[in-house]
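Notes for the structure review
Each chain is listed here by its residues.
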Amino acid sequence: MTRKISGFGYHTIQTARQIFAYGIVFMIPALFLFDCRIGAERFTNPAHLGNLIFLGLGASALCFVTWNMAVKILGAVKTSIYIYLVPVITVVTSALILHENVTVMSGAGTVLIGLFLSEYRGNT
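Residues numbered from 1 in each chain as written. Predicted model: local features only at pLDDT ≥ 70, side-chain atom pairs only at ≥ 80, totals over all residues. Heavy atoms only, no water.

1. Notes on a nonpolar patch on the surface
Taken together, the side chains of Ile-24, Met-27, Ile-28, Leu-31, Phe-32, Ile-38, Phe-43, Leu-49, Leu-52, Ile-53 and Leu-57 define a hydrophobic patch exposed on the protein surface, amounting to about 1,100 Å² of accessible area. Here the nonpolar patch gets five residues from one element, more than from any other, and that element is helix H2 (residues 12–33). Turning to its location among the elements, Leu-31 is positioned in helix H2. For Leu-31, a relative accessible area of 34% translates into the label partly exposed. (Patch = residues over 30% accessible without salt bridge, like charges linked within 9 Å, V, L, I, M, F, W, Y side chains within 5 Å. Areas by Shrake-Rupley, 256 points an atom, 1.4 Å probe, with all protein chains shown as cover. Salt bridge = Lys/Arg side-chain N within 4 Å of Asp/Glu carboxyl O. Helix = DSSP H or I, 4+ residues; strand = E, 2+ residues; numbered from the N terminus. Buried < 20%, exposed > 50% of the residue type's maximum accessible area, 1.4 Å probe, protein only.)

2. With respect to the confidence of the model for the chain
Caution applies to low-pLDDT parts of the model: their predicted coordinates are not meant to be read in detail. Taken residue by residue, the chain gives an average pLDDT of 82. The fraction at 70 or more is 94%. Put simply, helix H1 (residues 2–6) is where the chain has its lowest mean pLDDT, 70, and helix H5 (residues 85–96) is where it has its highest, 89. (pLDDT = per-residue confidence, 0-100.)

3. Regarding the packing of helix H4 (residues 76–83) against H5
Between H4 and H5, the shortest axis-to-axis distance is 5 Å and the interhelical angle comes to 30°. One element, H4, and the other, H5, form an angle in the roughly parallel class. Residue-level contacts link Ile-81, Tyr-82 and Ile-83 of H4 to Leu-85, Val-86 and Pro-87 of H5. In the contact of H4 with H5, the residues fall into six nonpolar, no polar and no charged. (Axes fitted to C-alpha atoms, helices over the stretch in contact; angles between N-to-C directions. Parallel < 35°, antiparallel > 145°, perpendicular 65-115°, else oblique. Contact = heavy atoms within 4.5 Å. Nonpolar A, V, L, I, M, F, W, Y, C, P; charged D, E, K, R; others polar.)

Shown next as structure tokens:
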């Protein structure tokens, strides 16, 4: 869908901003269905505020914009193949940087992802 939207000549950041705005608008009715209490006191804690800023700007907006740029440059199919590498990169990074043990399940998942990617022929 993002490739179709970018085909109309809209900039990637503008597209991301609009999609996020529509997402927020359509999530507002859910606030009334669940026991949600929004208070300004939650934003006075610097740790909470920092987490929200990181999640909003870094982990959501920046990643969404870079993903849309990748779709525009590589195409939807090739870009989707890269999403399968995220667990592999996570396992390798956690082992090298955090010195976590590679479990049987994470090793098996990494091998299966490797097998899947090795079978990709690029025909689609």
